[in-house]
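Here is how the chains run, residue by residue.
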Amino acid sequence: PQDAIAQAIIVQHPEIDRLHHDSINCIRVVTMLRPEGVEYICAYFRMGQGGNRIDYLGGCSCTIQPDGRLNPHGCDNMTCDLVDAHACGQQFSEYRIPHFEKIKETAMRLHCKLGDFRIASWDFSVSPEGEPIFIEVNLKYGGTKYHQLGKGPMFGDKTDEIFNEVYCDIK
């Protein structure tokens, strides 16, 4: 694209790279600024497939459990069909995001610097040494569709609490 800026070439962790070498496979972490501080909300893993070099075009996604394991079912990003494995054969239920706790901690720490933005969707990869690589933050459109397709409501059992907080106890 005419207005694209590349600042550095990313080399991703071998465990992430083996799923699809031709794209940066991205961990999206959603955080929310609440009265008590920044809270981790959810995350999902976006992976390229086939000849696509962009993880969300023709790729798939799978929600990530708080301990870094993928949920058993992912989503084909083009058709929104549920799938159990990546095109490379990796079963989602048998895969764990390396250094996921560090990624969550980094997203929460960065969110503290945003000011008044309540919800942020952070894109990360992981370096070969296991360090989070910050790619971008999404403040307007956080791509929550893939999380909800794979796991259900983004806020889970906190949905009513968060809606009441955001919408000032409107019933």
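That block above? That's the structure.
Caption draft 1: Seen up close, the pattern of salt bridges. Under the criterion given, the structure shown has 8 salt bridges. The shortest N-O distance in the salt bridge between Asp67 and Arg69 comes to 2.7 Å. Given the relative accessible area of 37%, Asp67 is considered partly exposed. Residue Arg69 is classed as partly exposed on the basis of its relative accessible area of 32%. Two residues, Lys102 and Glu131, come together in a salt bridge whose shortest N-O distance is 2.8 Å. Pair noted here: Lys102 is in helix H2 (residues 100-111) and Glu131 is in the loop between strand E6 (119-126) and strand E7 (132-138), with a separation of 29 residues, a long-range link. For Glu131, a relative accessible area of 40% gives the class partly exposed. Salt bridges sharing partners connect three or more residues here, namely Arg28, Arg46 and Asp123.

Caption draft 2: How the structure looks around the sheet that holds strand E2 (residues 37-47). The antiparallel open sheet is built from 7 strands, whose spatial order is E5-E4-E3-E2-E1-E6-E7. Of all the strands in the sheet, the pair left with one neighbour each is strand E5 (82-83) and E7. Across the face of the sheet, H2 comes into contact with strand E1 (26-34), E2, E6 and E7 while running at roughly 140° to E6.

Caption draft 3: Structural view of the environment of Thr79. Relative to the assigned elements, Thr79 resides in the loop between strand E4 (74-76) and E5. Along the primary structure Thr79 and Cys60 are separated by 19 residues, whereas in three dimensions their C-alpha atoms are 9.6 Å apart. A polar atom in the side chain of Thr79 sits 3.1 Å from the side chain of Asp81.

Caption draft 4: Structural view of the packing of aromatic side chains. Going through the model one piece at a time under the given rule, you end up with 4 aromatic pairs. One aromatic cluster is present, formed by Trp122, Phe124 and Phe134 through successive ring pairs.

Caption draft 5: Region of the structure containing the side chain of Asn25. Counting through the fold element by element, Asn25 comes out in the loop between helix H1 (14-17) and E1. Side-chain polar atoms of Asn25 contact the backbone oxygen of Ile16, separated by 3.1 Å. Here His20 takes part through its backbone oxygen, which lies 3.0 Å from a polar atom of the side chain of Asn25. Apart from residues no more than four positions distant in its own chain, Asn25 is found in contact with Gln12, Ile16, Asp17, Leu19, His20, Phe45, Arg46, Met47, Gly48, Phe124 and Ser125.

The rules behind these values
Residues numbered from 1 in each chain as written. Predicted model: local features only at pLDDT ≥ 70, side-chain atom pairs only at ≥ 80, totals over all residues. Heavy atoms only, no water. Salt bridge = Lys/Arg side-chain N within 4 Å of Asp/Glu carboxyl O. Buried < 20%, exposed > 50% of the residue type's maximum accessible area, 1.4 Å probe, protein only. Helix = DSSP H or I, 4+ residues; strand = E, 2+ residues; numbered from the N terminus. Pairing = 2+ DSSP bridges. Contact = heavy atoms within 4.5 Å. Axes fitted to C-alpha atoms, helices over the stretch in contact; angles between N-to-C directions. Polar contact = N/O pair within 3.5 Å; in protein donor to acceptor, adjacent residues only side chain to side chain. Phe/Tyr/Trp six-rings, centres within 6.5 Å; stacked < 30°, edge-to-face > 60°.

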